[in-house]
Amino acid sequence: MKIGNINIVEIKESQIGAALAISFLLFNVIFWAYPFLWLVILSVTEWRFFDVPTFSGLKNFFAVLYDPEFWRSLWNVIRFLGYYVPIVLACSLGFAFGLQHIGRGKVFIALSFLVAHISSGVAYSLVFEKIFSSTGPLNTFLADWFGFTIPWLSSPNMAMLSISLVVTWKFVGYYGLILYSGLVAIPQEIYDAAKLDNTKLLTKLFKVTLPMINAQLVMVLVFAITVAFGIFTEPYMITGGGPMESTNMPLLVIYETAFNRLQPSRAALMAIIIAVVSYLVIKIMRKLLEKNVELV
Amino acid sequence: MIDLKKIIPQKTVGSWIITILMYLLAITWLYPYIWMVMASLKPTPEIYHTDLFSGTLTMENYQFLFDSAEKINRPFLKSLFNSFFITLTVTVSVVITSAFIGYAMAKIDFRGRAQVNDFILFQMVVPAMVLMIPLFVLIKQLGLINTYSAMILPVMMSGWGIFMMAQAFKGTPNDYIDAAKLDRASLRQIVFNLMVPLNKAIVAIVALFTFTGTWDNFMWPLIVMSDVEKMPLSVLLATFSKQYGTDVGPVMAGSVLQALPLVLLFIIFRKYFLQGMSLSLK
């Protein structure tokens, strides 16, 4: 009797569990699998939101392949990374080292940097648009103290740097704390050994410290590459992709293509290509840089 | 554990310089926020022409936002309400569904559980932007463009939330659950009165990150919402700024409204935010 009872309870429970899982799967059939199916359909059809999709084979693929705006946006990702990666890595490393040497107020300082990270994209983009504007506070400061101004947003060369500075502002606290967690885990004995060998400061940095936080550095780089392929709010709000398309990032082109040029099929295909490329870039980066550091 | 205080000399000149430098940098990092708040309190013509803490202080920019509904058809108060309504609905829904399904994934043995788990992991790897346009097609087919549902329905459940809760729930000893079952506790009681209180931190993390993510979401509502009456604040602020960008004061006042809820949440629940980013300040 008793055994039978327990069995009944367990069967009932496993049914509840299955029912809960099925509710999640049903949700995903509608809002995930169905769109996924549409993604496949869109990529090989011609469609303009209103008519019936007609099969067009590889036409979209070639249209995207010969779309200069699309290539420009990929080139812009590289340009963005060219500014962003060195700046954000240097700043986060500096932040992490600085944090290590602070006696008091560590929490206050870390939170001041992190509050930039938990922030609303539209709000801070508007703030930076004003701060960087030609008559804004930054240029007023430069003019008063150094007698020159910088065309932060109006010059095609500077605009991308300005965008990467904004994104740096947002992420330094986060990346810095990731690196910091790697730094504090390095055993002191290693530094002691380096001291005995009279290792120079720079050698110590490149031969001891950086290799020891390889895992954290790779993690930060993965985040940075993901951001480069995925930013939308900042360029949309601050520069609108300009001047002269110098900050036209992939998501802006996808948005433009789908909703202004009314070519959702091409935009869907672009999204697939961007996702694959970003995945490959991350994979290659990991292959080149990831090392298994072991303490013997 | 290594005692940091023994290793790092605490009161050398160098460490003092670094500390002062870090404080200066921290203030530099806060500067955009300070500037935003000060600009929102000044009349527009004075913003670029007065020092940070000088000039006339007034509430007229905020007054402008509250009157803007009739004057220029930009209902800021309504959009603030929309943002809270959408964000809170999504957050409550994600927390509840994640708690129940997370409990099932962690503690109930049913056929196909491993496959569901694999699906959740796979889903988390596929970037959301790939599905943005086909999801728009779906919402259009359902006739939900320009409705609250367009911004709420697609994100009512979260694989990430389920994953996080399930990971945490696995650590709760089965004895507690068995004891609750002996007392004839229902599933709802087990989840709400046992699992949630025992795993407060993870529930808070799922709630906070869902809230900030939904509040901050911009591209999706920009695509599906053109009706100013139902816009979230982020989109209304963006369209307002595109049209009236020279009204720096009101734009900054709107930015303060948009930024403030997240900043307050961050200050109040900083412990959980740090934990959620798996960071600690030891």
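Because the structure is predicted, anything quoted here is derived from the model rather than measured.

Chemist: Any details on the overall build of chain A? Residues and values, ideally.
Modeler: For chain A, the helix and strand inventory stands at 13 helices and two strands. On C-alpha atoms alone, chain A measures out to a radius of gyration of 25 Å, which is more than a quarter above the 19 Å that the 2.2 N^0.38 rule sets for 296 residues. For chain A, buried positions account for 38% of its 296 residues.

Chemist: Give me the overall build of chain B: which residues, what numbers.
Modeler: Check the secondary structure of chain B and you find 16 helices and zero strands. In terms of C-alpha radius of gyration, chain B reaches 24 Å, well past the compact-globule figure of 19 Å for 282 residues. Considering only C-alpha atoms, chain B reaches an extent of 70 × 65 × 35 Å along its principal axes. In chain B, which comprises 282 residues, the proportion classed as buried is 40%. A fraction of 73% describes how many contacts in chain B between residues 6 or more apart in sequence connect residues 24 or more apart.

Chemist: Provide a residue-level description of the environment of Trp47(A), including the pertinent values.
Modeler: Residue and element names in this part refer to chain A. Position of Trp47 among the secondary structure elements: in the loop between strand S1 (45–46) and strand S2 (54–55). Distance from Trp47 to Gln263, taken between C-alpha atoms, is 7.0 Å for residues 216 residues apart in sequence. If near-sequence neighbours (up to four positions away) are discounted, Trp47 is found in contact with Leu42, Pro53, Pro264 and Ser265.

Chemist: So what's going on with the packing of helix H7 (residues 156–183) of chain A against helix H10 (residues 214–230) of chain A? Which residues, and what values?
Modeler: Residues and elements named next belong to chain A. The interhelical angle for the contact between H7 and H10, taken along N-to-C directions, is 160 degrees, at an axis separation of 9 Å. It follows from the interaxial angle that H7 and H10 lie roughly antiparallel. At the point where H7 passes H10, the crossing takes the right-handed sense. Mapping the contact onto sequence places Val167, Tyr175, Ile178, Leu179, Ser181 and Gly182 in H7 and Ala215, Gln216, Met219, Val220, Phe223 and Val227 in H10.

Chemist: Tell me about the domain arrangement of chain B, and please be specific about residues and values.
Modeler: When cut into domains, chain B gives domain 1 (4–67) and domain 2 (76–244). When each unit is reduced to the centre of its C-alpha atoms, the spacing between domain 1 of chain B and domain 2 of chain B is 35 Å.

Chemist: Describe the packing of helix H2 (residues 13–40) of chain B against helix H15 (residues 248–268) of chain B, and please don't skip the residues or the numbers.
Modeler: All names here are of chain B. The geometry of H2 relative to H15 is characterised by a closest axis approach of 8 Å and an angle of 125 degrees between their N-to-C directions. Looking at the two axes, H2 sits oblique to H15. Our pair here, H2 against H15, has a crossing hand that is left-handed. Counted together, Met36, Val37, Ala39 and Ser40 of H2 and Val248, Gly249, Met252, Ala253, Ser255 and Val256 of H15 form the full contact between these two elements. Of the residues assigned to the contact of H2 with H15, the class counts are seven nonpolar, three polar and no charged.

Chemist: Any details on the nonpolar core? Residues and values, ideally.
Modeler: One finds Met270(A), Ala271(A), Ile133(B), Met165(B) and Val206(B) to be the most contacted residues of the largest nonpolar core, which totals 148 residues. In terms of residue count, the dominant contributor to this core is H7(A) (13 residues). Those residues within four positions of Val206(B) in sequence are excluded, and the remaining contacts are Val94(B), Val95(B), Ser98(B), Gly161(B), Met164(B) and Met165(B).

Chemist: With reference to specific residues and values, describe the interface of chain A and chain B.
Modeler: One frequent convention defines the size of an interface as the accessible area lost when the parts assemble. Chain A puts 66 residues into the contact, and the matching count from chain B is 65 residues. A per-element tally of the side of chain A that touches chain B places helix H1 (residues 2–43) of chain A first, with 18 residues. Looking at the side of chain A that touches chain B residue by residue, the class counts come to 46 nonpolar, 17 polar and three charged.

Chemist: I'd like a description of helix H3 (residues 68–100) of chain A, backed by residues and values.
Modeler: With 33 residues, H3(A) ought to run about 48 Å at 1.5 Å a step, and its terminal C-alpha atoms sit 47 Å apart, in line with that. The largest bend in H3(A) amounts to roughly 25 degrees and is located at Tyr84(A), with the proline Pro86(A) lying one to four residues further along.

Chemist: Can you break down the environment of Ile272(A) residue by residue, with the values?
Modeler: Tracing the backbone through its elements, the reader meets Ile272(A) in helix H13 (residues 264–289). Owing to 16 C-beta atoms within 10 Å, Ile272(A) belongs among the partly exposed residues under this scheme. Each C-alpha atom, one on Ile272(A) and one on Arg79(A), is 21 Å from the other, the two residues being 193 residues apart in sequence. With residues up to four places along the chain from it excluded, the contact list for Ile272(A) reads Leu39(A), Ser43(A) and Val130(B).

Chemist: How would you explain the domain arrangement of chain A if you had to name every residue and give the values?
Modeler: We note that the domain assignment places domain 1 (2–43) and domain 2 (61–289) within chain A. For domain 1 of chain A and domain 2 of chain A, the distance between their C-alpha centroids amounts to 39 Å.

Chemist: A description of the confidence of the model for chain A should follow, citing residues and the corresponding values.
Modeler: For chain A, the average pLDDT comes to 88, and 95% of its residues sit at 70 or higher. Ranking the elements of chain A by mean pLDDT puts H1(A) last with 83 and H3(A) first with 94.

Chemist: Any chance you could break down unusual backbone geometry for me, citing the residues and the numbers?
Modeler: Trans is the prevailing form of peptide bonds, just as negative phi is the prevailing case for residues other than glycine. Residues and elements named next belong to chain A. Its identity is not glycine, yet Glu245 carries a phi of approximately 60 degrees, on the positive side. Of note, Glu245 is situated in the loop between helix H11 (233–238) and helix H12 (250–259). Taking the number of C-beta atoms within 10 Å as the measure of exposure, Glu245 has 17 and is therefore partly exposed. We note that Leu262 has phi near 50 degrees; this positive angle belongs to a residue other than glycine. By the element assignment, Leu262 lies in the loop between H12 and H13. Judged by the 13 C-beta atoms lying within 10 Å of it, Leu262 is partly exposed.

Chemist: Tell me what's going on with the confidence of the model for chain B, and back it up with residues and numbers.
Modeler: Here chain B shows a mean pLDDT of 88. Residues at 70 or above account for 94%. Reported for the predicted complex are a pTM of 0.89 and an ipTM of 0.87.

Thresholds applied
Residues numbered from 1 in each chain as written. Chains lettered and ligands numbered in written order. Predicted model: local features only at pLDDT ≥ 70, side-chain atom pairs only at ≥ 80, totals over all residues. Helix = DSSP H or I, 4+ residues; strand = E, 2+ residues; numbered from the N terminus. Rg over C-alpha atoms; globule rule 2.2 N^0.38 Å. Buried ≥ 20, exposed ≤ 12 C-beta atoms within 10 Å, placed from the backbone. Contact = placed C-beta atoms within 7 Å. Axes fitted to C-alpha atoms, helices over the stretch in contact; angles between N-to-C directions. Parallel < 35°, antiparallel > 145°, perpendicular 65-115°, else oblique. Left-handed = near helix turned anticlockwise from the far one by under 90°. Domains from an automatic or database assignment. Nonpolar A, V, L, I, M, F, W, Y, C, P; charged D, E, K, R; others polar. Core = buried A, V, L, I, M, F, W, Y, C linked by C-beta atoms within 7 Å. Expected span 1.5 Å × (residues − 1). Bend = angle between axes of the 7 residues up to and from the residue. pLDDT = per-residue confidence, 0-100.

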